[in-house]
Amino acid sequence: MVSIRGQFDRSRALPGRRRSRFLMPTRAPSICSYCNQPHTAAMKCERALQADRDRKSRFDKKRPSARERGYTAEWTAASKAFLAVYPSCRRCGQRAALVDHITPHKGDQKLFWNRANWQPLCTPCHSGAKQSQERRDRKGN
């Protein structure tokens, strides 16, 4: 492993795992708005974590249930049939686990059932890259 200064860093190398040659710089800690102490993004104080949980809870109370959004037994059968025809993830090529709507349907049943708007995705691609893309798209509009 080579550090930023070009020196070999054995403490960061893991046996049997290939790592990148250069260490990425870490983000500087920021001051927490709850306790006025410096925290990294990975280490938040308990008050900040509780505020995140409260915010997510408020959102979940407003959100319709999966059944109300159209994910019924009929959808389960249709998505299984779709995955039987298209078994690999459109993004990475791994085995697909679920059917994703390319354009979010937002309750529009015509768009919801339009098979041209469906794509097979694996769970990591759906939960990571696709959700990040949708968040970026919402912020841009």
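Preceding this section is the structure that the text describes.
Just so we're clear, the structure is a prediction, and the values are computed from it rather than from any experiment.

Rules and cut-offs
- Residues numbered from 1 in each chain as written.
- Predicted model: local features only at pLDDT ≥ 70, side-chain atom pairs only at ≥ 80, totals over all residues.
- Heavy atoms only, no water.
- Helix = DSSP H or I, 4+ residues; strand = E, 2+ residues; numbered from the N terminus.
- Buried < 20%, exposed > 50% of the residue type's maximum accessible area, 1.4 Å probe, protein only.
- Contact = heavy atoms within 4.5 Å.
- Areas by Shrake-Rupley, 256 points an atom, 1.4 Å probe, with all protein chains shown as cover.
- Phe/Tyr/Trp six-rings, centres within 6.5 Å; stacked < 30°, edge-to-face > 60°.
- Salt bridge = Lys/Arg side-chain N within 4 Å of Asp/Glu carboxyl O.
- Pairing = 2+ DSSP bridges.
- Core = buried A, V, L, I, M, F, W, Y, C linked by side-chain atoms within 4.5 Å.
- Patch = residues over 30% accessible without salt bridge, like charges linked within 9 Å, V, L, I, M, F, W, Y side chains within 5 Å.
- Lys, Arg positive; Asp, Glu negative; His and termini not counted.
- Charge placed at Lys NZ, Arg CZ, Asp CG, Glu CD.

**Observations concerning the overall build of the protein**
When its secondary structure is counted, the protein shows 4 helices and 4 strands. Each helix (α) and strand (β) of the protein, taken in turn from the N terminus, gives the series β-β-α-α-β-α-β-α. Within the protein, buried positions represent 23% of all 141 residues. Across the protein, contacts joining residues at least 24 apart in sequence account for 39% of those joining residues at least 6 apart. As presented, the protein carries roughly 11300 Å² of accessible surface, and 52% of it is formed by carbon and sulfur atoms.

**Brief notes about the packing of aromatic side chains**
Per the stated rule, a full pass over the model turns up 9 aromatic pairs. Measuring from ring centre to ring centre gives 5.5 Å for Y71 and W75, while their planes differ by 85°; the resulting arrangement is edge-to-face. In this structure W75 comes out as buried when scored by relative accessible area, which is 8%. Centroid distance Y71 to F112: 5.1 Å. Interplanar angle 70°. Geometry classified as edge-to-face. With Y71 in the loop between helix 1 (46-62) and helix 2 (73-85) and F112 in helix 3 (residues 109-112), this pair connects stretches of sequence that are 41 residues apart.

**Concerning the pattern of salt bridges**
Inspection of every chain in the model, using the stated rule, returns 2 salt bridges. As a salt-bridge pair, D52 and R55 come within 4.0 Å of each other at their nearest N and O atoms. Placement of both D52 and R55 in helix 1 is noted, with a separation of 3 residues, approximately one turn of the helix. Residue classification places D52 among the partly exposed positions, given a relative accessible area of 21%.

**What about the pairing of strand 4 (residues 118-121)?**
Of the two faces of strand 4, the one holding W118 and P120 and the one holding Q119 and L121 are both buried throughout. Bridge analysis of strand 3 (residues 98-101) against strand 4 gives 4 bridges, and the strand direction is antiparallel. Bridging from a neighbouring strand, H101 pairs with W118 of strand 4.

**Let's talk about the nonpolar core**
Counting 8 residues, the largest nonpolar core consists of W75, A78, F82, L83, A96, V99, F112 and W118. Sort the elements by how many residues they give to this core and helix 2 lands first, with 4 residues. Dropping the residues within four chain positions of it, W118 is found in contact with W75, A78, F82, R90, V99, D100, H101, I102, F112 and W113.

**Focus on the side chain of N117**
By the secondary structure assignment, N117 is in the loop between helix 3 and strand 4. For N117, the residues in contact, after removing those within four places along its chain, are D100, H101, I102, T103 and L111.

**Comments concerning a positive patch on the surface**
A cluster of like positive charges, contributed by R91, K106, R135, R136, R138 and K139, occupies part of the molecular surface. With respect to the secondary-structure elements, K139 resides in helix 4 (residues 123-140). Given the relative accessible area of 74%, K139 is considered exposed.

Don't take any of this as a statement about function, it's just geometry.
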